[in-house]
Amino acid sequence: MGSWTITKWELKGTLQSKKFLLIFFFQLMVLVGMIIFFNGFMASIESQQGLTLSPSLNQFASVEVVDPQSIIKNQMNPQILEITPNTKDGALNNLNRGAVTGVLIVGTLNNSDLANIQPLQAEMLIDYSDPKRSVVRYEVQMAHDKAAYLISQQWMNSLVPVETANEPQIQQETQGESLPLQLITKIMTAILLFLPLFLFGNMVIDSLVGEKERRTAEILIAMPISRSYIVLGKCLAVIITMALQSALWIMIMIMAGFPLENPFLVYLIVILTAVPIVGLTAIIAAYSKNYKEAGIGISFAYIAIVGFLIVPALAYVSQQGKYVSMSTMTLAIKVFSQEAISWGDIILPLALLLLISIISYGITIRLYKRDDIIFGPRPGLLKLIIELLGIKKV
Amino acid sequence: MRSSTNMIEIKSLTKRFGKIVALQQLNLDIKKGELLGIIGPNGAGKTTAIRIISCILHPDEGDVLVGGYHIGQNPLEIKSMIGYLPEEPNLYERFKAYDLLKYFGELYGVPKEDLDSRIEELLELVGMKHRAQHRINTFSKGLRQRIAIARALIHDPEIIIFDEPTMGLDPATAMNIREFIAGLKGDKTILLCTHYMDEADLLCDRVAILNQGQILDMGTPHELKSKIHGDIILNIGLKDPSLIEISTLEQVCPVENIAWQKDQLYMSLSSREDIASIVEFLGSNVQSIHTKEPTLEDVFIQTVSNLPENIE
């Protein structure tokens, strides 16, 4: 009852705070902004033009080709080279004018040439004043090697005919997303789902460190409520606020067209993940002397927590690693993607959540029950750990 | 549960903060309905003692019984019996006065149906009814202290603990609060920690002098004052102090606690009638004569200065 009274009034105080409401809605605006950015990014990827975020060699250099049978021309990479067929005179003229980086002149090849193992005549002319010449030389060399291989194969086949029916039939997968796209979509969705859990650390700090700094902890401790209930009541208020924010985020994400199957289950996973995150934040807040110290501590802790959530999820999406199921983010991805889920996928992350929650709240409560933590002088971290582990009597 | 008329029994209480000993084998009893004052300088251990009684701090050694309950075994029952006003009001700034009282009323478990009327009653009592819907952060220190007192009384506690209730307040507000505390006497058991000796003198049934975590003396203000200084303190200004021999003066009449301050001579007398013989003895060397009733401040200074570590 006392715990719920604290939760109720913490929530009331929070929701009545104009500053909090401003931050709350600003966070929603940030989400909307991120969704717009993400959708623009995906649209660019899916368009023909594509989106290039890294330095590109697209049509880096120009080559004019005199290749009546397109023997080498067909093997050249049009994404790197701008390939223009031309007559020999026209091409040489353009090369002399500096209009192209190189000219490739390829002879013709007929069946008798093949049978007599006659070499294919090809001539490469490069503008040595052009710094792009090395790229042209390399690309033409590659195309030449490919053409040579194909000609050799053709000749070999003419000697020993192969039944085409026995040749391996390779069918290109046209359904589903490519791995990079899966990474982007699933991980981005998961990050957006879990992000609200990291936006309310300041609430935990204000609840626990703030009470110490404002010295209101003294009168709160004087109330006929156990200190455990005070800690749990305050943490519950933060979890409820996170749950509220998460619900709004999920609704916005669904409206924005994110592929979120089983949204209620996903929401439940997110909220369950909030419990140990608040607990870990509470340990830092309970031990810290002031806001500054707590802020620094929480920044470090959140890097570890994000790593713990996101690394297994990344490993899962890229289909690598053994312990991908330990993160609830992986579970959430499987749930919103409607993928096969085993009992192990559910039990392992939930058991970890439970374990971390018990440990983190247990430590926070033990800290909050100590006079030196609330009123000082605060013990050093090493001394405190030794005492908490029961190695040395408190 | 209660076995005696003592509402609070402190037995061999010791509390350390690191290497600092805040309380050292403290023993103290407070009777039901009594207003006991604890006086002492800053750092004497007053706040530590009342925080332990209020179950805010844990003792290192010893025990405290409040209303028959042990602080180590029944802290929640004890907390329900106590209304605690800390040294600083420490209120939630963002709350309105009314909401603050409601919050603490709920935490103390005041029945819902009684809470509103109780808040109204207390706001009326501390003269803050017109500010009920104002935020705490708009209040002056005096108003905050009034709200803090109302907060401490919200559950109608049997025991009220005031820690420096008038510290930092202007004389008028301090007087109001003293009058308010005086009004609570008899009905409640009150523990008042203060370093304003006149406040303790005015309000308390008994006073305990605490210094360096130990009770140096305890009794009614009158007992304490008479124990140290007798009935009256005589202050004589002298033209030439070198002409006076203390041993000769002591032969004239029974004087105690003779002390010099430059050309001022202080002494305690058990009777006013002795003044005439002293003046006669000093003769024309007398420049001025003042008399005053002994105060708790005199008692406190005398008690502390008599400690072995303070005697050169």
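Every value quoted in this text rests on a predicted model; they were computed, and no experiment measured them. (Residues numbered from 1 in each chain as written. Chains lettered and ligands numbered in written order. Predicted model: local features only at pLDDT ≥ 70, side-chain atom pairs only at ≥ 80, totals over all residues. Heavy atoms only, no water.)

A. Fine view of the packing of helix H11 (residues 291-317) of chain A against helix H12 (residues 328-336) of chain A. Residues and elements named next belong to chain A. At a closest axis distance of 7 Å, the pairing of H11 and H12 adopts a crossing angle of 45 degrees. Between H11 and H12, the crossing angle belongs to the class labelled oblique. Along its contact with H11, which presents Leu309, Ile310, Pro312, Ala313, Tyr316 and Val317, the element H12 presents Thr328, Met329, Thr330, Ile333 and Lys334. The residue makeup of the contact of H11 with H12, split by class, is eight nonpolar, two polar and one charged. (Axes fitted to C-alpha atoms, helices over the stretch in contact; angles between N-to-C directions. Helix = DSSP H or I, 4+ residues; strand = E, 2+ residues; numbered from the N terminus. Parallel < 35°, antiparallel > 145°, perpendicular 65-115°, else oblique. Contact = heavy atoms within 4.5 Å. Nonpolar A, V, L, I, M, F, W, Y, C, P; charged D, E, K, R; others polar.)

B. Up close: the sheet that holds strand E4 (residues 61-66) of chain B. Residue and element names in this part refer to chain B. Taken in spatial order, the four strands make up an open sheet running E2-E1-E4-E5, and their pairing is antiparallel. Each having just a single partner strand, strand E2 (20-31) and strand E5 (69-70) make up the two edges of the open sheet. One ladder, built from two bridges, connects E4 with E5; its direction is antiparallel. Of the residues in E5, the one forming a bridge with Val66 is Tyr69. Lying over the sheet, helix H1 (residues 46-53) contacts strand E1 (6-17), E2 and E4, oriented at roughly 120 degrees with respect to E1. (Pairing = 2+ DSSP bridges.)

C. Looking closely at the domain arrangement of chain B. Assigned domains of chain B: these are domain 1 (6-225) and domain 2 (232-293). Measuring from the centre of the C-alpha atoms in domain 1 of chain B to the corresponding centre in domain 2 of chain B gives 42 Å. (Domains from an automatic or database assignment.)

D. Up close: the domain arrangement of chain A. Domain annotation for chain A reports domain 1 (2-43 + 178-389) and domain 2 (61-154). Taking the mean C-alpha position of each, domain 1 of chain A and domain 2 of chain A sit 61 Å from one another.

E. Looking closely at the sheet that holds strand E3 (residues 35-39) of chain B. All names here are of chain B. Across the sheet, six strands lie side by side as E6-E7-E8-E3-E9-E10; this open sheet has mixed pairing. Edge positions in the sheet fall to strand E6 (82-85) and strand E10 (214-219), since each of these pairs with one other strand and no more. The mean inter-strand angle of the sheet, taken between neighbouring strand axes irrespective of direction, is 15 degrees. Here E3 runs beside strand E9 (residues 206-211); their pairing, made up of four bridges, is parallel. Looking at E9, one finds that Ile38 is bridged to Ala208. In this fold helix H5 (residues 141-153) packs onto E6 and strand E7 (159-163), with an angle of close to 165 degrees to the strand it touches most, E6.

F. Expanded view of helix H9 (residues 227-255) of chain A. Taking 1.5 Å per residue, 29 residues should reach 42 Å; H9(A) reaches 42 Å between its end C-alpha atoms and fits that length. Trailing H9(A) by a residue or two, A:Gly257 shows a phi angle of about 90 degrees, which is positive. (Expected span 1.5 Å × (residues − 1).)

G. Fine view of the environment of A:Ile36. Residues and elements named next belong to chain A. The topology assignment puts Ile36 in helix H2 (residues 18-46). For Ile36, a relative accessible area of 59% translates into the label exposed. Separated by 279 residues in the primary sequence, Ile36 and Ala315 have C-alpha atoms spaced 27 Å apart. (Buried < 20%, exposed > 50% of the residue type's maximum accessible area, 1.4 Å probe, protein only.)

H. Spatial organisation of the packing of aromatic side chains. A complete count under the given rule lists 13 aromatic pairs over all chains for this structure. Measuring from centroid to centroid gives 5.6 Å for B:Phe95 and B:Tyr103, while their planes differ by 55 degrees, and the two rings are tilted. Here B:Phe95 falls in the buried class, since its relative accessible area comes to 6%. The exposure class assigned to B:Tyr103 is buried, which follows from its relative accessible area of 3%. Taken together, the ring pairs in this structure connect A:Trp9, B:Tyr92, B:Phe95, B:Tyr103 and B:Phe104 into an aromatic cluster. (Phe/Tyr/Trp six-rings, centres within 6.5 Å; stacked < 30°, edge-to-face > 60°.)

I. Representation of the interface of chain B and chain A within the structure. Each partner contributes residues to the interface: chain B has 26 residues there, and chain A has 26 residues. Here chain B packs against chain A, burying approximately 2600 Å² in sum over the two surfaces, 60% of which is carbon and sulfur. Where chain B touches chain A, the interface holds three salt bridges. Across the pair A:Asp371 and B:Lys15 runs a salt bridge, and its minimum N-O distance is 2.8 Å. Connecting chain B to chain A are ten residue pairs in polar contact (both at pLDDT 80 or more). At the level of secondary structure, the elements contributing two or more residues to the side of chain B that touches chain A comprise E1, helix H2 (75-81) and helix H3 (97-107) of chain B. Broken down by element, the side of chain B that touches chain A gets its largest block of residues, six residues, from H3(B). Of the residues assigned to the side of chain B that touches chain A, the class counts are 14 nonpolar, four polar and eight charged. (Buried area = accessible area lost by both parts, 1.4 Å probe. Salt bridge = Lys/Arg side-chain N within 4 Å of Asp/Glu carboxyl O. Polar contact = N/O pair within 3.5 Å; in protein donor to acceptor, adjacent residues only side chain to side chain.)

J. Representation of the confidence of the model for chain B. Summarising the model, chain B shows a mean pLDDT of 88, and 95% of its residues fall at 70 or more. Listed scores for the predicted complex are pTM 0.76 and ipTM 0.84. (pLDDT = per-residue confidence, 0-100.)

K. The arrangement of unusual backbone geometry in detail. Residue and element names in this part refer to chain B. A positive phi angle, close to 65 degrees, is found at Cys55, a residue other than glycine. When you line up the elements, Cys55 lands in the loop between H1 and E4. Under the relative-accessibility criterion, Cys55 is labelled buried at 9%. The phi dihedral of Glu164 falls on the positive side, at around 50 degrees, and the residue is not glycine. By the secondary structure assignment, Glu164 is in the loop between E7 and helix H6 (171-184).

L. Molecular detail of a nonpolar patch on the surface. All names here are of chain A. Judged by side-chain polarity, Leu15, Leu21, Phe25 and Leu244 come together as a nonpolar surface patch covering roughly 340 Å² of accessible area. Among the secondary structure elements, Leu15 is positioned in helix H1 (residues 2-15). Residue class for Leu15 comes out partly exposed when judged on its relative accessible area of 40%. (Patch = residues over 30% accessible without salt bridge, like charges linked within 9 Å, V, L, I, M, F, W, Y side chains within 5 Å. Areas by Shrake-Rupley, 256 points an atom, 1.4 Å probe, with all protein chains shown as cover.)

M. Looking closely at the side chain of B:Asp99. Along the chain, B:Asp99 turns up in helix H3. For the buried B:Asp99, which has no salt bridge, the nearest side chain bearing the opposite charge is A:Lys12, at an N-O separation of 4.3 Å. Not counting residues up to four positions away in its chain, the partners in contact with B:Asp99 are A:Trp9 and A:Lys12. (Lys, Arg positive; Asp, Glu negative; His and termini not counted.)

N. Broad picture of the pairing of E2(B). Residue and element names in this part refer to chain B. The pairing of E1 with E2 spans eight bridges and is classified as antiparallel. Bridge pairing in E2 links Lys15 to Leu23. Counting the residues in the hairpin turn of E1 and E2 gives two residues, including Gly18, whose phi is positive at 65 degrees.

O. Here's a closer look at the packing of H9(A) against helix H10 (residues 263-287) of chain A. Residues and elements named next belong to chain A. One can describe the packing of H9 onto H10 by two numbers: an axis separation of 9 Å at closest approach and a directional angle of 145 degrees. Taken as a pair, H9 and H10 cross one another with a handedness that is right-handed. Contacts between H9 and H10 involve Cys235, Val238, Ile239, Met242, Ala243, Leu244, Ser246, Ala247, Ile250 and Ile254 on the former and, on the latter, Pro263, Tyr267, Val270, Ile271, Ala274, Val275, Val278 and Ala282. Looking at the contact of H9 with H10, its residues break down into 17 nonpolar, one polar and no charged. (Left-handed = near helix turned anticlockwise from the far one by under 90°.)

P. Representation of the state of the cysteines in the model. All names here are of chain B. Evaluation of the coordinates by the stated rule reveals zero disulfides over all chains. Cys55 takes part in no disulfide bond, and the closest cysteine sulfur to it belongs to Cys193, at a distance of 15 Å. Not part of a disulfide, Cys204 finds its nearest cysteine sulfur in Cys193, a span of 9.6 Å. (Disulfide = S-S within 2.5 Å.)

Q. Looking closely at the pairing of E7(B). Residue and element names in this part refer to chain B. Burial within E7 is extensive, with five of its five residues counted as buried. Residues Ile159, Ile161 and Asp163 of E7 are buried on one face, and the alternating residues Ile160 and Phe162, pointing to the opposite face, are buried as well. In the sheet, E6 pairs with E7 via four bridges, with the strands oriented parallel. Of the residues in E7, the one forming a bridge with Tyr84 is Ile161. Inspection of the sheet shows E7 paired to strand E8 (residues 189-194) by five bridges, in the parallel sense. Among the inter-strand pairings, Phe162 is bridged to a residue of E8, identified as Leu192.

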